Amino acid sequence: MTHIDAGTGLDPVHPVPVPVSRRAEGLSSAEVAERVARGEVNDVPVRSSRSVAEIVRANVFTRFNAIIGVLWLIMLAVAPFQDSLFGYVIIANTGIGIVQEWRAKKTLDSLAVIGEARPTVRRDGTATEVSTAQIVLGDLIEIGPGDKVVVDGTCAEADGLEIDESLLTGEADPVVKHPGDAVMSGSFVVAGGGAFTATKVGRQAYAAQLAEEASRFTLVQSELRTGISTILKYVTWMMIPTAVGLVVSQLVVKQHGFKDSVARTVGGIVPMVPEGLVLLTSVAFAIGVIRLGRKQCLVQELPAIEGLARVDTVCLDKTGTLTEGGMDVTELRTLGGADETYVRTVLGALGASDPRPNASLQAIIAAYPDSEEWRCVQALPFSSARKYSGAGFSEGNGESSTWLLGAPDVLLGEGDPALAETERLNEAGLRVLLLARTTGDLEDPGVREAARPTALVVLEQRLRPDAADTLRYFAEQDVRAKVISGDNAVSVGAVAGKLGLSGEVVDARRLPAEPDAMATSLEKGTVFGRVTPQQKRDMVGALQSHGHTVAMTGDGVNDVLALKDADIGVSMGSGSEATRAVAQIVLLNNSFSTLPSVVAEGRRVIGNITRVATLFLVKTVYSVLLAVLVVCWQVEYPFLPRHLTLLSTLTIGIPAFFLALAPNSERAQPHFVRRVMRYAVPGGVVAGVATFVTYLLARHHYTGAGALDAETSAATLTLFLISMWVLAIIARPYTWWRVGLVASMGGAFLLVLAVPWLQHFFALKLVGTTMPWTAVLISVIAAACLEFLWKWVDRRFPA
């Protein structure tokens, strides 16, 4: 807050010129050019995505690419071309991964430019918006409510300037800044305005390293990717001893030559690697980012897509989310016989006293023009914590007066007659501000106790046309909505009611402070009014303590702390710079109706990856089991690499790609590893045992020169039919395209069996009728076992 001497225009405590009288002009164009030449520029690279080199490196240099690459080189040396097909598949998969992530990068980078903060600097006496990278050492940067401090500096001008440094220091209370005080990058303005001189730019700034790291697009730290990494770690541990045993046993058996033994050894190792699972996850996420980007939704951190899919509670700020930012003054009700013409003059002067008016004050400014005869001598900017603003004036006739404008239930004592009228207006969904005359110093927290009500200013809020449909979507998807607002609880409840959101309305001033008791109250209530910024943060924490996954939406500076602590923070593109900086998702088109698309995209990605992961891991389980059985029985491995390439392509690769990109509205469930493995283990065991039984029977049935090829073909038929049944289970519930997908994969395998040159290419030829029909019978029994086991697993180990 700033006191201004009526005669000099100087702050009596800090005798520095303030904005209302005369202000510094900032650097000249020549000085800016000189600093740029010296490299004194704020050149911290803020990236929203990985570089192209990092994308290529992450997709090419993987553990499993290394394993398969070595095996591929071995196969190129010792076996026919068709046994090396798995290597070309890996090259194609890696290429697809790189292209998709590069497309996602382009989308993200273009959206990041649209949503980039543009601070206002004063140069040659003119305020100009520039990008953060164009700020130079010594620049004079103007700041107001919601602005983020982008570089370190020293306060040069302050007009009631209050800065929240909690993101840096953990201290929740805003710090009042005076000229000469230090200002740290990473903090943000909660009230008032002013300007500061940049003293540290680029990587020297206090929060530069943290800001760069926090805003970088990342592919890690999600339950899905952590779960996949855990699975791959265990797979690696199983692979090493199994592969060693397989190599030794095949070289010892070696009845069909060294090269054939090597080929069958490689054929046993390759399918153990679920290499496509990592690729498919990256591709699904990348496509999700591209889809959301087309809807003007900037995903600043990739796990946000997954996180929002897991959300079961969404906390909505009313202003800017359920209602549009603008308001209209619909009525002015004078109190205590006040003169309406005089009240209009007061309101006009109050509007002119704030250089950065909020939405309520903007509506008042539009309705009541300023009287040039009144001069502001003292100002108190609006604060979310106080719930009121104020100003002292020297009136045109020489009289002086001090006024407060804010929430009636904050400025008035209980039982005041004006509160009853306010209550009736709030019940109609209207917003009401009280204009009160007071005495004393605005700096004194007790100044409101001397307030005398003069008028009620009635404001009508504009409901977002898409808000009702969005709230209905959340209800249908079993996501509970909580409206959390700083406004009067009754008024907020009426607005929520117009949008079809029913439930208990609670005044947050009566909420218990203890987290567990607060969480219990939050479970019961739906609409909460008179919530302070710190309470918003506490409410998010209380809900999380009861096991809820919480998303928070907001656009105001009072939402920053809650957005930061929520599992997922969602900011509007037109919101304050501080909210956009801490949110994981920014709705650049300011449309609340985009949120269901984000939820749906997340559910599609997570639900489908969980579904197709079972396909990949069934293959891993049966591959390891077959290798173990081959080692124990000391027989040749039943498959060549070409057989498993064919099976993997038809029963996993192609179907998984389509299933991973299909619509899926089921809410993402926790415990990814357990959910996947409870199906993959029994499925893999049944497939492995049934295939090996067919193989052993075929070894007893066939004799002669082509016996091994006939045995392999019978085993391949069994494994294909069981894998197709696994696919048929995973594809449920059936739609026309899912049935078509499964049928087309079966048709492709029949084509291989029917066309002679394909038979030769894949070394597949069914000999006689006894073993092929035996293989079919074993497959049918195995399919029945799969159906029984998976239903038993659902009952015995519910997700």
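Our subject is the structure listed above.
One structure accompanies this document, and this report is about it. (Residues numbered from 1 in each chain as written. Predicted model: local features only at pLDDT ≥ 70, side-chain atom pairs only at ≥ 80, totals over all residues. Heavy atoms only, no water.)

1. Topic: the overall build of the protein chain
Of the regular secondary structure elements, the protein chain holds 27 helices and 22 strands. For the C-alpha atoms alone, the extent of the protein chain along its principal axes is close to 120 × 60 × 40 Å. The 799 residues of the protein chain split such that 56% are buried. Across the protein chain, the fraction of contacts at a sequence separation of at least 24, relative to all contacts at a separation of at least 6, is 73%. Averaged over its 70 positive side-chain charges, the protein chain has a centre that lies 12 Å from the centre of its 80 negative ones. (Helix = DSSP H or I, 4+ residues; strand = E, 2+ residues; numbered from the N terminus. Buried < 20%, exposed > 50% of the residue type's maximum accessible area, 1.4 Å probe, protein only. Contact = heavy atoms within 4.5 Å. Lys, Arg positive; Asp, Glu negative; His and termini not counted. Charge placed at Lys NZ, Arg CZ, Asp CG, Glu CD.)

2. Re the nonpolar core
Ranked by internal contacts, the top residues of the largest apolar core, which has 130 residues, are Leu308, Ile585 and Phe749. Not counting chain neighbours up to four residues away, the residues in contact with Ile585 comprise Cys297, Leu298, Ala304, Leu308, Ile568, Gly569, Val570, Ser571 and Val598. Among the nonpolar cores identified, the runner-up in size contains 25 residues, and Val190, Val506, Val540 and Val557 belong to it. (Core = buried A, V, L, I, M, F, W, Y, C linked by side-chain atoms within 4.5 Å.)

3. Details of helix H22 (residues 641-660)
Along its length, H22 reaches its greatest deviation from straightness, about 50°, at Thr649. Among the 20 residues that make up H22, 15 are buried, leaving the element largely enclosed by the rest of the structure. (Bend = angle between axes of the 7 residues up to and from the residue.)

4. A few points about the packing of H22 against helix H24 (residues 707-730)
Running from N to C, H22 and H24 cross one another at 10°; their axes reach a closest spacing of 9 Å. As summarised for this structure, H22 and H24 are arranged roughly parallel, according to the angle between their axes. Residues His643, Leu644, Leu647, Leu650, Thr651, Pro655 and Leu659 of H22 pack against Thr712, Thr716, Leu719, Phe720, Ser723, Met724, Leu727 and Ile730 of H24. For the contact of H22 with H24, a count of residues per class yields ten nonpolar, five polar and no charged. (Axes fitted to C-alpha atoms, helices over the stretch in contact; angles between N-to-C directions. Parallel < 35°, antiparallel > 145°, perpendicular 65-115°, else oblique. Nonpolar A, V, L, I, M, F, W, Y, C, P; charged D, E, K, R; others polar.)

5. So, the sheet that holds strand S18 (residues 504-507)
Taken together, eight strands build an open sheet; the order of strands is S9-S22-S21-S20-S10-S17-S19-S18 and the sheet is mixed. For this open sheet the edge positions go to strand S9 (297-299) and S18, each flanked by a neighbour on one side alone. The average angle at which neighbouring strand axes cross in this sheet is 20°, direction not considered. Note: S9 against strand S22 (residues 585-587), three bridges, orientation antiparallel. Residue pairing in the sheet places Val299 in a bridge with Ile585 of S22. Helix H17 (residues 515-524) contacts strand S17 (480-484), S18 and strand S19 (525-529) of the sheet and is inclined by roughly 110° relative to S19. (Pairing = 2+ DSSP bridges.)

6. Some points on the pairing of strand S2 (residues 120-123)
As judged from the three bridges shared by S2 and strand S4 (residues 140-143), these two strands associate in the antiparallel manner. Residue pairing in the sheet places Thr120 in a bridge with Glu142 of S4. Here S2 runs beside strand S3 (residues 126-129); their pairing, made up of four bridges, is antiparallel. For Arg122, the partnering residue across the bridge sits in S3 and is Ala127. Linking two consecutive strands that pair antiparallel, namely S2 and S3, is a turn of two residues; a positive phi of about 55° is found at Asp124 within it.

7. Let's talk about the packing of aromatic side chains
For the coordinates displayed, the defined rule picks out 14 aromatic pairs. Here Trp72 and Tyr88 contribute two aromatic rings whose centre-to-centre distance is 5.1 Å and whose plane-to-plane angle is 80°, an arrangement assigned as edge-to-face. Placement of Trp72 in helix H3 (residues 63-78) and of Tyr88 in helix H4 (residues 85-114) is noted, with a sequence separation of 16 residues between them. In this structure Tyr88 comes out as partly exposed when scored by relative accessible area, which is 36%. (Phe/Tyr/Trp six-rings, centres within 6.5 Å; stacked < 30°, edge-to-face > 60°.)

8. Here we look at the side chain of Gln759
By the element assignment, Gln759 lies in helix H26 (residues 756-761). In terms of polar contacts, Gln759 uses its side chain to reach the backbone carbonyl oxygen of Leu753, at 2.4 Å. (Polar contact = N/O pair within 3.5 Å; in protein donor to acceptor, adjacent residues only side chain to side chain.)

9. Some remarks on the environment of Val89
Tracing the sequence through the fold places Val89 in helix H4. For the pair Val89 and Gly653, spaced 564 residues apart in sequence, the C-alpha to C-alpha distance is 9.7 Å.

10. Considerations on a negative patch on the surface
A cluster of acidic residues, Asp441, Glu443, Asp444 and Glu449, forms a negative patch at the surface. Tracing the sequence through the fold places Glu449 in the loop between strand S15 (431-438) and strand S16 (452-463). (Patch = residues over 30% accessible without salt bridge, like charges linked within 9 Å, V, L, I, M, F, W, Y side chains within 5 Å. Areas by Shrake-Rupley, 256 points an atom, 1.4 Å probe, with all protein chains shown as cover. Salt bridge = Lys/Arg side-chain N within 4 Å of Asp/Glu carboxyl O.)

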